[in-house]
Protein chains: 2
Amino acid sequence: MSSIYQVAEMAGVSVATVSRVINQRGYVSEKSRLKVQEAINILHYTPNQAAQSLTTSSTKLIGLLVPDINNPVFLEQSKGINDYLKDKGYILMYAESGEDDEEMSNMVRRFLSNRVDGIILCSRDFTQFGDMDAIIEPALKNNVHVVLNGYVDSKFEIDRVGFDNVRGAYLATEHLLKMGHSSIALIAGTDSTISEERYRGYREAHIDNHVSLNPALVVKGDFRQHSGYEAMLKILQMNPRPTAVFAMNDVMAIGAMMALEDHKVSVPDEIAVAGFDDIIWCSLIRPRLTSVVQPKYEIGKKLAEFLLSRMNESYSGPGRHEIFGSRLAVRQSTVKSEQQ
Amino acid sequence: MSSIYQVAEMAGVSVATVSRVINQRGYVSEKSRLKVQEAINILHYTPNQAAQSLTTSSTKLIGLLVPDINNPVFLEQSKGINDYLKDKGYILMYAESGEDDEEMSNMVRRFLSNRVDGIILCSRDFTQFGDMDAIIEPALKNNVHVVLNGYVDSKFEIDRVGFDNVRGAYLATEHLLKMGHSSIALIAGTDSTISEERYRGYREAHIDNHVSLNPALVVKGDFRQHSGYEAMLKILQMNPRPTAVFAMNDVMAIGAMMALEDHKVSVPDEIAVAGFDDIIWCSLIRPRLTSVVQPKYEIGKKLAEFLLSRMNESYSGPGRHEIFGSRLAVRQSTVKSEQQ
DNA sequence: ATTCCTTGTGTAACATGTTACACATTTTTG
DNA sequence: CAAAAATGTGTAACATGTTACACAAGGAAT
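Note that the coordinates shown come from a computational prediction; the quantities given were computed from them, not determined experimentally.

Cut-offs and rules
- Residues numbered from 1 in each chain as written.
- Chains lettered and ligands numbered in written order.
- Predicted model: local features only at pLDDT ≥ 70, side-chain atom pairs only at ≥ 80, totals over all residues.
- Heavy atoms only, no water.
- Near = heavy atom within 4 Å.
- Polar contact = N/O pair within 3.5 Å; in protein donor to acceptor, adjacent residues only side chain to side chain.
- Helix = DSSP H or I, 4+ residues; strand = E, 2+ residues; numbered from the N terminus.
- Nonpolar A, V, L, I, M, F, W, Y, C, P; charged D, E, K, R; others polar.
- Least-squares fit on C-alpha atoms with pLDDT ≥ 70 in both.
- Contact = heavy atoms within 4.5 Å.
- Buried area = accessible area lost by both parts, 1.4 Å probe.
- Salt bridge = Lys/Arg side-chain N within 4 Å of Asp/Glu carboxyl O.
- Phe/Tyr/Trp six-rings, centres within 6.5 Å; stacked < 30°, edge-to-face > 60°.
- Buried < 20%, exposed > 50% of the residue type's maximum accessible area, 1.4 Å probe, protein only.
- Lys NZ or Arg CZ within 6 Å of the ring centre and 35° of its normal.

## Description of the protein's contact with DNA strand D
Here is step 1 of the chain: Taken together, 27 residues sit near DNA strand D, with Ser 14 and Arg 20 of chain A together with Ile 4, Ser 19 and Thr 55 of chain B positioned nearest.
Here is step 2 of the chain: Taking all atoms of DNA strand D within 4 Å of the protein, the share assigned to sugar and phosphate is 59%.
Here is step 3 of the chain: Between DNA strand D and Arg 20 of chain A, the relevant distance is 2.7 Å, taken from a base oxygen to a side-chain nitrogen or oxygen of the residue.
Here is step 4 of the chain: Residue Thr 55 of chain B places a side-chain N or O atom 3.1 Å away from a sugar or linking oxygen belonging to DNA strand D.
Here is step 5 of the chain: Counting residues per element, the ones that place at least two in the surface near DNA strand D are helix 2 (15–23) and helix 4 (49–56) of chain A together with helix 1 (4–11), helix 2 (15–23) and helix 4 (49–56) of chain B.
Here is step 6 of the chain: A breakdown of the residues in the surface near DNA strand D according to their chemical character gives 11 nonpolar, 13 polar and three charged.

Quick look at the structure:
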């Protein structure tokens, strides 16, 4: 790898001059500039970011930690983050962490070691981490800002971007109730704030519409497709059988629909299904899946925006918490053909 | 950010000793080790990768350039790459480049600037780039190895991982012919080696099965969903109307199926549809889409493997070219119900 | 007792870039 | 024309690690 010294030597100038040419700063004569430029081309020289960041103490690197790159929700969020950061000259260091304290901590350390300028942490739920503060403390103590997508109780002033889960679940449940269903099974996710909030929406919609809640209708899943499938098998055994199902995320809803397909139960005529997240698969599957729309892309952008404003110190107050609102996308899976 | 000097001072030893503790190299007394460890904990110290890589000239960073993170094909490939690299201590720098010379070149430069240890370039087709060699030359000239997924003519000794497109297209076409279709429309992709090869498979299957080729049955798309939709509209206008369609990738096949759905043409009874890539969506859509299985995950792993073997110099011969074989996943979209 | 390992630690050079400061020219101003 | 300002360039210090080499001290071998 060629260094600035080699360029300087070839161009017959000092390293300071080369540096000035590259960074377009200070005075450089046209003649010197040309000679330097030529040397750079011949040597295919690129400044070493590592060395650069030693002096500037900025790497233009942002660490992004997501639980699962394959999950369409995080994928689209990442896209929002990337789009916002890209033209500001930042580049992402992606890492996948599963949902596990240990690994998360390691990746944060790895990011710090790479002296990222900031860190974005995404999770389905941070409450599961024993001590989230312990994970982010090393970053904060070293003046690297962190923003989160999700929920945490933290003693630090952290910016968070969230989503109105209560309202979203409320909308989906209300819609099902309005479609005439009075017995709506719920496929829940793992114990977490998200699950709690979505449950609360489900509950409140029942109360507001004067429909009694039946705890027996709640089946626990784990946010993954297979658990949706299994949950639906249990629901099919129920007597009387519910006429609608609300799953706490789309992936489980799709698993549920597959179970219904395998058992030749028609959707939505025999059982209506609604999901949450509005991932792209909702429009692919037939019948198309009714789902709560989460502005994933915008959430990603907002995360990036929060982070950048912290980094360039245009904001440094208490932790901000932006909550994005909900909308329901009504599709075939909840609307009987004769009602269309 | 704390540095090794601060740790050394706090522990009352020299920086060399701290370095030895961190890298577990050389002799360090237990007493010193403990003092250093404690200082590290108190300061939340992490070695600066940038400074580290100055001396070791290794960053443990691998640059990965994909045209579109949202495309399931590249996503799964990335997963394969990431899984292989992760436990070897490497971390990925993802970048998305669209399919454009300029941007690609920039990102490679950016990677070099970050002194990545190696670069993986993915593309649907490299032949579209005027001068691929110009893009990778800066890397190679600086001793940074590059591996590619796809096709290129290069004067350099580059490892490539490809896929047997001819055979894949052959299998899909043959399958359709065997199902009794003699008029098979082809939804082609953009001009590229991939398209050419997939066309060749389509052609050869016809010849081997003594079915005459009809150029009028070929409709051009661009590998994207919408173009598949449009192409199918044209196919529906044909007279006589073909009874089967083979799309050069799944995304277009799915677009085509949506067009058929909108026009109430039943799949596979009136028109059979087959795609290429076997993305996850094939099993989501109804009827499930018959598709050529590309071992995307394995391709990703192989890319990473090739790169690493170059990097640690366990291989340094001429450019290798591994071609993965094909298999057809026959699903509902090509098999009429009474034949099942 | 003398020589030779083994263990433990520090000093200083080096990796690559940025930049404050010094110095030399030119050009402009009064 | 002298003084002041603008332009152009180099030297050296610094950012943060790694590591070769020097030096000490304690035992073991001769």
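## Here's the deal with the relation of the copies chain A and chain B
Here is step 1 of the chain: The transformation that overlays chain A on chain B combines an axial shift of 0.1 Å with a rotation of 180 degrees, and the residual RMSD is 0.1 Å. Each copy turns onto its partner about a two-fold axis. Closest approach to the rotation axis among the C-alpha atoms of chain A is made by Ala 50 of chain A, whose C-alpha sits 2.1 Å away.
Here is step 2 of the chain: Of the interface residues in chain A, 100% have counterparts in chain B that sit at the interface too, so the contact is made through matching surfaces.

## Section: the interface of chain A and chain B
Here is step 1 of the chain: Every contact between the two is made by 53 residues of chain A and, on the other side, 53 residues of chain B.
Here is step 2 of the chain: Considering only the side of chain A, the residues that lose the most area to chain B are Met 1, Arg 115 and Leu 284 of chain A, jointly responsible for 15% of the buried surface there.
Here is step 3 of the chain: Where chain A touches chain B, the interface holds eight salt bridges.
Here is step 4 of the chain: Mapped by element, the contributors of at least two residues to the side of chain A that touches chain B are helix 4, helix 5 (72–86), strand 2 (91–96), helix 6 (101–113), helix 7 (132–141) and helix 11 (250–262) of chain A.
Here is step 5 of the chain: If one sorts the elements of the side of chain A that touches chain B by residue count, helix 6 of chain A sits on top with seven residues.
Here is step 6 of the chain: For the side of chain A that touches chain B, a count of residues per class yields 25 nonpolar, 14 polar and 14 charged.

## What to know about the packing of aromatic side chains
Here is step 1 of the chain: Inspection of the entire model under this criterion finds seven aromatic pairs over all chains.
Here is step 2 of the chain: An angle of 40 degrees between the planes, with centres 5.9 Å apart, marks the rings of Tyr 199 of chain B and Tyr 202 of chain B as tilted. Of this pair, Tyr 199 of chain B and Tyr 202 of chain B both sit in helix 9 (residues 193–208), three residues apart, which is roughly one turn of that helix.
Here is step 3 of the chain: Plain terms: the ring middles of Phe 246 of chain B and Phe 276 of chain B are 6.5 Å apart, the flat faces sit at 40 degrees to each other, and that makes the pair tilted. Linking Phe 246 of chain B in strand 8 (residues 244–247) with Phe 276 of chain B in strand 9 (residues 272–277), this pair joins segments that are 30 residues apart in sequence.
Here is step 4 of the chain: Classification of Phe 276 of chain B by relative accessible area gives buried; the value is 0%.
Here is step 5 of the chain: Among the aromatic residues, those joined into a cluster by ring pairs are Phe 163, Phe 246 and Phe 276 of chain A.
Here is step 6 of the chain: Directly above the aromatic system of Tyr 84 of chain A lies the positively charged group of Lys 88 of chain A, at a separation of 4.2 Å from the ring centroid.
Here is step 7 of the chain: One Lys or Arg, Lys 60 of chain B, reaches over the ring of Tyr 90 of chain B and ends 4.4 Å from the middle of that ring.

## Thoughts on the side chain of Ser 227 of chain A
Residue and element names in this part refer to chain A.
Here is step 1 of the chain: Take Ser 227: it is sitting in helix 10 (residues 225–237).
Here is step 2 of the chain: Since its relative accessible area comes to 11%, Ser 227 is described here as buried.
Here is step 3 of the chain: The contacts of Ser 227, once residues within four sequence positions are left out, are Gly 221, Asp 222 and Met 252.

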